[in-house]
Amino acid sequence: MNNTISPDRKKLLIQFCKQRKLKFKDLELLNLAFHHRSFTNENKVKKLYNNERLEFLGDSVLGLSTADFLYQDMSLNHQEGDLAKIKAAVVSEKSLAPIAISFGIDKLLVLGHGEEVSGGRTKPAILADCMEAIIGAYYLDQGYDEAKKYVLSFIEPEIRKVQKNGGKDYKTLLQELYQKMCKKVPVYELVSVTGPDHAQVFSVSVHLDNVTYGPAKGKSKKDAEQQAAQMAYDCIKE
């Protein structure tokens with residue numbers, strides 16, 4: 001791999017490693033993990049410089065690390081289907097994309113101009129793919145044990161959430177709890193939609209009789225409803 005990292009870019013990559021407690025020997029591998037194919041599609045000189053191969057590798061490392069942890073963590077009375085359900089939830093795009101944003105990965109992505117102007121930095125698929133590419137890069141740089149340790153640093157908390165909730169989402173949890181309390185269902189209200197078409201922000205409130213929770217924000221109406229449901233559920237579950 002022959003690519004020169006600028007001093008400013010190198011500082012950002014080193015900072016990312018420090019924040020995530022990663023020990024990359026080869027920063028070129030990490031840098032490659034942030035390069036989306038849209039960049040190479042618009043750059044003939046670096047037409048092969050993208051993270052797709054690392055993503056392919058990282059997806060397998062992520063899956064194995066998660067499956068290994070679940071196998072060791074959950075008792076024998078849990079069947080294969082129980083483990084598979086949790087694994088599918090935590091290694092999903094829905095789970096990985098918010099983690100990527102919390103890690104600041106959206107700011108480090110290298111995108112083509114077309115993808116940039118269409119809101120590529122906030123697209124869940126691109127963020128999740130980059131998460132997997134970083135895992136693949138770390139596996140190549142440090143080996144499986146260190147890559148697994150990195151994976152579990154953010155996957156184990158997600159596993160605990162799913163185990164606690166029985167795999168149910170917050171809208172389901174809220175509805176079940178509220179119906180049990182007063183035989184009524186939550187009512188969701190779309191408060192506003194702001195931002196350009198490619199990066200809209202939805203604000204949603206949820207009404208439990210005469211009490212309103214929110215508004216909560218999300219990149220889709222469904223996501224905002226889940227956020228509002230979590231706010232309400234956390235308040236009334238006590």
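Computed from a prediction, not measured in an experiment: that's the story for all the values here.

The next subject is the overall build of the protein. The secondary structure content of the protein amounts to 12 helices and 3 strands. For the protein, the spread of C-alpha atoms along the principal axes amounts to about 65 × 50 × 25 Å. Counting only residues that meet the buried cut, the protein has 44% of its 238 residues in that class. Restricting to contacts in the protein with at least 6 residues of sequence separation, those with at least 24 account for 54%. Of the accessible surface of the protein, which amounts to about 13500 Å², a share of 53% is contributed by carbon and sulfur atoms. The positive charge centre, built from 34 side chains, and the negative charge centre, built from 31, are 3 Å apart in the protein.

As a further point, take the side chain of Ser38. Its place among the elements puts Ser38 in helix H3 (residues 37-41). Side chain to side chain, Ser38 and His36 meet in a polar contact 2.8 Å long. A distance of 2.9 Å separates a polar atom in the side chain of Ser38 from the backbone nitrogen of Gly112. Leave out the neighbours within four places in its chain, and Ser38 touches Leu111, Gly112 and Glu115.

So, about unusual backbone geometry. A cis amide bond links Gly214 to the next residue, Pro215, at an omega of 5 degrees. Structurally, Pro215 is set in strand S3 (residues 211-218). Backbone geometry at Asp209 places phi at a positive 60 degrees, although glycine is not the residue there. Exposure remark for Asp209: the relative accessible area of 54% places this residue in the exposed category.

A word on the packing of helix H5 (residues 80-90) against helix H10 (residues 144-165). Interaxial distance between H5 and H10 falls to 10 Å at its minimum, and their mutual angle equals 125 degrees. The angle between the axes of H5 and H10 places the two elements in the oblique class. Pair H5 / H10 crosses with right-handed handedness. Across the interface between the two elements, Ile86, Ala89 and Val90 of H5 pack against Ile155, Glu158, Ile159, Val162 and Gln163 of H10. For the contact of H5 with H10, the per-class residue count stands at 6 nonpolar, 1 polar and 1 charged.

Criteria and cut-off values
Residues numbered from 1 in each chain as written. Predicted model: local features only at pLDDT ≥ 70, side-chain atom pairs only at ≥ 80, totals over all residues. Heavy atoms only, no water. Helix = DSSP H or I, 4+ residues; strand = E, 2+ residues; numbered from the N terminus. Buried < 20%, exposed > 50% of the residue type's maximum accessible area, 1.4 Å probe, protein only. Contact = heavy atoms within 4.5 Å. Areas by Shrake-Rupley, 256 points an atom, 1.4 Å probe, with all protein chains shown as cover. Lys, Arg positive; Asp, Glu negative; His and termini not counted. Charge placed at Lys NZ, Arg CZ, Asp CG, Glu CD. Polar contact = N/O pair within 3.5 Å; in protein donor to acceptor, adjacent residues only side chain to side chain. Axes fitted to C-alpha atoms, helices over the stretch in contact; angles between N-to-C directions. Parallel < 35°, antiparallel > 145°, perpendicular 65-115°, else oblique. Left-handed = near helix turned anticlockwise from the far one by under 90°. Nonpolar A, V, L, I, M, F, W, Y, C, P; charged D, E, K, R; others polar.

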